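Each chain is listed here by its residues.
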Amino acid sequence: MIRKLGHMTPDVRQSSHISTPAAWAVLILSITQALAVFVPLALFDGQPNDDGVDLFISPAGYAFAIWSVIYVLAIITGVVFVRERQFGQRLAVDLAIACGAATLWLIVSAASIDWLPSILLTVMAIVLLDAARIAAMPVDESSSTTTLVRITIGIYAGWATAAVFVNWASDIARSGIADESSVGWQLVVLILAALVGIAVTYLYGAALPALPITLAWALVAIVVNAWSSSTPVVVIGVVGIVALVLAYVASRRASHAAGRTVAIS
């Protein structure tokens, strides 16, 4: 077996079987995370969580519409898992954990519980990146299920990876550890987020193009929000977007090179 910088060679195949409990867990928890959007409205007298801080690295509001896409795709993926049981047990477990954590995240965030939302989002990002690793592995044959799962995981993992850094930054500022009006430490957070995004794009972007597209979506929204308030954030955001594109190109080239290596070995 040949392994090249995180790209699995075509002769490495993932298990496609999903157990009945795991398949149903994905479907039920994907529905739960979508319905959980309305729970804070009932529990907290219809008032949104308005104690957030105004960070330079926060995405523009329109970017959060991507959650609706994630909810719909996760439910459709859950239905497919129940019907077809394809694409791997561990990936299904990862997605179920992410949906369950997202449900709790919506509730505790609306309840203004410090730090716990960021912890839950970190769990989501970790399991979704593991799911991305699995989804990026070659499968025995291409199918509509493969395409659906890769799009779902790519978008969900990309958004969670970007969001976790902003959430931790918000908690840091809200707790008084750092000043929300200071751009320096926020630039460090943004650079770290961009570096992680570039790394996962290189590792999995060739198979999951939805992942770098979603990361770029987040960076563009950050640039839009910071356009009139922080030139350094705009510059770092633009550089990050360009670096994502380059990482994706490198990922495609590495994937093709790995395939050629196997073919001639």
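Notes on the structure follow. Every chain is numbered on its own, with residues counted from 1 as its sequence reads. Where local features are concerned, this predicted model is filtered to residues with pLDDT of at least 70; where side-chain atom pairs are given and counted, the filter is 80 or more; whole-chain, interface and lining totals use all residues. The basis for every side-chain value is the complete set of non-hydrogen atoms in the structure, without hydrogens or water.

Side note on the pattern of salt bridges
Part 1 of the reasoning: We define a salt bridge as a contact between a side-chain nitrogen of Lys or Arg and a carboxyl oxygen of Asp or Glu at a distance within 4 Å. Enumeration over the complete set of coordinates arrives at 4 salt bridges.
Part 2 of the reasoning: Measuring nitrogen to oxygen at the nearest pair gives 2.5 Å for the salt bridge that ties Arg 174 to Asp 171. Here Asp 171 and Arg 174 lie together in helix H6 (residues 144–174), a separation of 3 residues that amounts to about one turn.
Part 3 of the reasoning: Remark: exposure states derive from per-residue accessible area (1.4 Å probe, protein chains only) relative to the maximum for the residue type, with buried under 20%, exposed over 50%, and partly exposed in between. Taking the relative accessible area as the measure of exposure, Arg 174 reaches 30% and is therefore partly exposed.
Part 4 of the reasoning: Beyond isolated ion pairs, a larger network of salt bridges with shared partners links Arg 90, Asp 130 and Arg 133. For the purposes of this entry, the term helix denotes a DSSP run of H or I that reaches at least four residues, the term strand denotes a run of E that reaches at least two, and both are numbered from the N terminus.

Details of the packing of aromatic side chains
Part 1 of the reasoning: Working definition: rings of Phe, Tyr and Trp (its six-membered ring) pair if their centres are within 6.5 Å, and the pair is stacked with planes under 30 degrees apart, edge-to-face with planes over 60 apart, and tilted otherwise. Applying the stated criterion across every chain, the model contains 6 aromatic pairs.
Part 2 of the reasoning: Plain terms: the ring middles of Trp 67 and Trp 105 are 5.4 Å apart, the flat faces sit at 35° to each other, and that makes the pair tilted. Separated by 38 residues along the polypeptide, Trp 67 in helix H3 (residues 66–84) and Trp 105 in helix H4 (residues 89–110) bring together distant segments of the chain.
Part 3 of the reasoning: Relative accessible area serves as the criterion here: at 9%, Trp 67 is assigned to the buried category.

Details of empty space enclosed by the protein
Part 1 of the reasoning: Site definitions follow a grid-based scheme: protein atoms alone, a 1 Å grid, a 1.4 Å probe that fits but cannot get out for cavities, and for pockets an open set with protein on both sides within 12 Å along at least five of seven lines, plus lining residues having an atom within 4 Å of a point. Grid points are joined across faces, edges and corners, and a volume is the space filled by probe spheres set on the points. The tally for this structure, following the rule as stated, stands at 1 cavity of 30 Å³ or more.
Part 2 of the reasoning: Size it by volume and the largest cavity reaches roughly 160 Å³.
Part 3 of the reasoning: Taken together, 17 residues form the lining of the largest cavity, with Ala 162, Leu 190, Ala 193, Ala 194 and Leu 219 sitting closest to its centre.
Part 4 of the reasoning: Listing elements by their share of the lining of the largest cavity, those giving two or more residues are H6, helix H7 (184–204), helix H8 (210–226) and helix H9 (231–264).
Part 5 of the reasoning: The residue makeup of the lining of the largest cavity, split by class, is 14 nonpolar, 3 polar and no charged. Lys, Arg, Asp and Glu make up the charged group, whereas Ala, Val, Leu, Ile, Met, Phe, Trp, Tyr, Cys and Pro make up the nonpolar group; the residues left over, Gly among them, are polar.

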